[in-house]
Amino acid sequence: MTHTDTVSRLDFAQAAPRAFKALIGFDAAAREGLDPALVELVQIRSSQLNGCAYCLHMHTRDARKAGESEERLHMVAVWKDAAHFFSERERAALALTEAVTLVAASGVPDDVYARAAAHFPQEELARLLALILTINTWNRIAISTARIPGAA
């Protein structure tokens, strides 16, 4: 039996509109000045790691609309073994995404942080970190409220 078979879950946006609007504002501020393709790659990787089907569906769809290739989308999950599909800057962002998303496992190692800091000026690195934080929050909201992939 799945969670959707047992309990009807709340609509977070309706039940906590101020928190929802604050998160939308935080998300928008995080994205400012970041390359839209990079934004989607980060959101896709975090959603994969968190097992958030709802967000993974949304962000792969958005990436396609933004012109991302199917080939690269298929390689995000294995980016370390498919390095030639991604720039060094993208790989640094994906490594930071993994470390922050899985922070309980081993923190954010100094080498991962240094790699990201070498490719992103301080203000951009802060927005990248904010983006990683927001997608992790969105993943947790979608999973906790049993959002259905492909549903509005």
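All figures in this text were calculated on a predicted structure; none of them were measured in a lab.

### Examining the overall build of the chain
Then, in step 1: Each helix and strand counted, the chain has ten helices and zero strands in total.
Then, in step 2: In terms of overall size, the chain behaves like a compact globule, its C-alpha atoms giving a radius of gyration of 16 Å where 152 residues would be expected to give roughly 15 Å.
Then, in step 3: Counting only C-alpha atoms, the chain reaches 45 × 30 × 30 Å along its principal axes.
Then, in step 4: Here the chain holds 152 residues, and the buried ones make up 39% of them.
Then, in step 5: Residue pairs at least 24 apart in sequence account for 68% of intrachain contacts in the chain once pairs closer than 6 positions are excluded.
Then, in step 6: A total accessible area of about 8300 Å² is found for the chain, and carbon and sulfur atoms account for 59% of it.

### Details of the nonpolar core
Then, in step 1: In terms of nonpolar packing, the biggest core is built from 28 residues, with Val42, Phe86, Leu96 and Leu128 touching the most fellow members.
Then, in step 2: Looking at this core, the elements that each hand over two or more residues are α4 (36-50), α7 (88-101), α9 (110-119) and α10 (122-144).
Then, in step 3: Ranked by the residues each element gives to this core, the list is headed by α7, at six residues.
Then, in step 4: Residues in contact with Val42, not counting those within four places in the same chain, are Ala93, Thr97, Leu128, Leu131 and Ile132.

### With respect to the packing of α7 against α9
Then, in step 1: Where α7 contacts α9, the two axes come as close as 9 Å, and the packing angle between them is 140°. On the basis of the axis angle, α7 is oblique to α9. You can see that α7 and α9 cross each other, and the crossing is left-handed. Every residue of α9 that contacts α7 at Glu88, Arg89, Arg91, Ala92, Ala95, Leu96 and Ala99 is listed here: Val112, Arg115, Ala116 and His119.
Then, in step 2: Grouping the amino acids of the contact of α7 with α9 by side-chain chemistry returns six nonpolar, one polar and four charged.

### Considerations on the side chain of His59
Then, in step 1: Residue placement: His59 occurs in helix α5 (residues 53-65).
Then, in step 2: Here His59 is in contact with Arg31, Glu40, Gln43, Ile44, Ser47 and Ile135, once residues within four sequence places are set aside.

### Examining the packing of aromatic side chains
Then, in step 1: Under the defined criterion, the tally for this structure stands at one aromatic pair.
Then, in step 2: Ring centres of Phe20 and Trp138 lie 5.5 Å apart, and the angle between their planes is 75°; this geometry places the pair in the edge-to-face category. Here Trp138 lies in helix α10 and Phe20 lies in helix α3 (residues 17-31), a separation of 118 residues in the sequence.
Then, in step 3: Looking at Phe20, the relative accessible area reads 24%, which means it is partly exposed.

How each quantity is defined
Residues numbered from 1 in each chain as written. Predicted model: local features only at pLDDT ≥ 70, side-chain atom pairs only at ≥ 80, totals over all residues. Heavy atoms only, no water. Helix = DSSP H or I, 4+ residues; strand = E, 2+ residues; numbered from the N terminus. Rg over C-alpha atoms; globule rule 2.2 N^0.38 Å. Buried < 20%, exposed > 50% of the residue type's maximum accessible area, 1.4 Å probe, protein only. Contact = heavy atoms within 4.5 Å. Areas by Shrake-Rupley, 256 points an atom, 1.4 Å probe, with all protein chains shown as cover. Core = buried A, V, L, I, M, F, W, Y, C linked by side-chain atoms within 4.5 Å. Axes fitted to C-alpha atoms, helices over the stretch in contact; angles between N-to-C directions. Parallel < 35°, antiparallel > 145°, perpendicular 65-115°, else oblique. Left-handed = near helix turned anticlockwise from the far one by under 90°. Nonpolar A, V, L, I, M, F, W, Y, C, P; charged D, E, K, R; others polar. Phe/Tyr/Trp six-rings, centres within 6.5 Å; stacked < 30°, edge-to-face > 60°.

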